[in-house]
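# An overview of the molecular structure
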Amino acid sequence: MSQTDYTRMSAAVYVLSTVTGYVLTSALLLRCPSLLHRRKRETFRSRHISHRGGAGENLENTMEAFK
């Protein structure tokens, strides 16, 4: 075999191994996306508290309505 045959063969092996690695990695990440992305922990934090109070007694969402 000549030098060009070895060069072509090594290029083909490189391309084949790269494509195979890409396909296997893609299949793995499609099956198990949590390996790459973890779900965010959603915590409930209330920053606004409303109380309607007695609509006939006080205005809504005022300090008097809370009392």
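None of the values given here were measured: they were computed from a predicted structure.

### Things to note about the overall build of the protein chain
On a plain count of helices and strands, the protein chain comes out with two helices and zero strands. The buried share of the protein chain, taken over its 67 residues, is 3%. Total accessible area computed for the protein chain in this model is approximately 7,100 Å², and 59% of it derives from carbon and sulfur atoms.

### Quick look at the UniProt feature "transmembrane region" (unreviewed entry) in the protein chain
When the UniProt feature table is mapped onto this chain numbering, "transmembrane region" (unreviewed entry) sits at residues 12-30. Helix makes up 100% of residues 12-30 and strand 0%, with an end-to-end C-alpha separation of 27 Å.

### Comments concerning a nonpolar patch on the surface
Taken together, Tyr14, Val15, Val19, Tyr22 and Val23 make up a surface patch of nonpolar side chains, about 570 Å² in accessible area. As for its position among the elements, tyrosine 14 is in helix H1 (residues 3-31). Given the relative accessible area of 59%, tyrosine 14 is considered exposed.

### Considerations on the environment of leucine 29
Within the element layout of this structure, leucine 29 appears in helix H1. For leucine 29, a relative accessible area of 30% corresponds to the partly exposed category.

What counts as what
Residues numbered from 1 in each chain as written. Predicted model: local features only at pLDDT ≥ 70, side-chain atom pairs only at ≥ 80, totals over all residues. Heavy atoms only, no water. Helix = DSSP H or I, 4+ residues; strand = E, 2+ residues; numbered from the N terminus. Buried < 20%, exposed > 50% of the residue type's maximum accessible area, 1.4 Å probe, protein only. Areas by Shrake-Rupley, 256 points an atom, 1.4 Å probe, with all protein chains shown as cover. UniProt positions renumbered as here; feature names shortened; annotations may be inferred. Patch = residues over 30% accessible without salt bridge, like charges linked within 9 Å, V, L, I, M, F, W, Y side chains within 5 Å. Salt bridge = Lys/Arg side-chain N within 4 Å of Asp/Glu carboxyl O.

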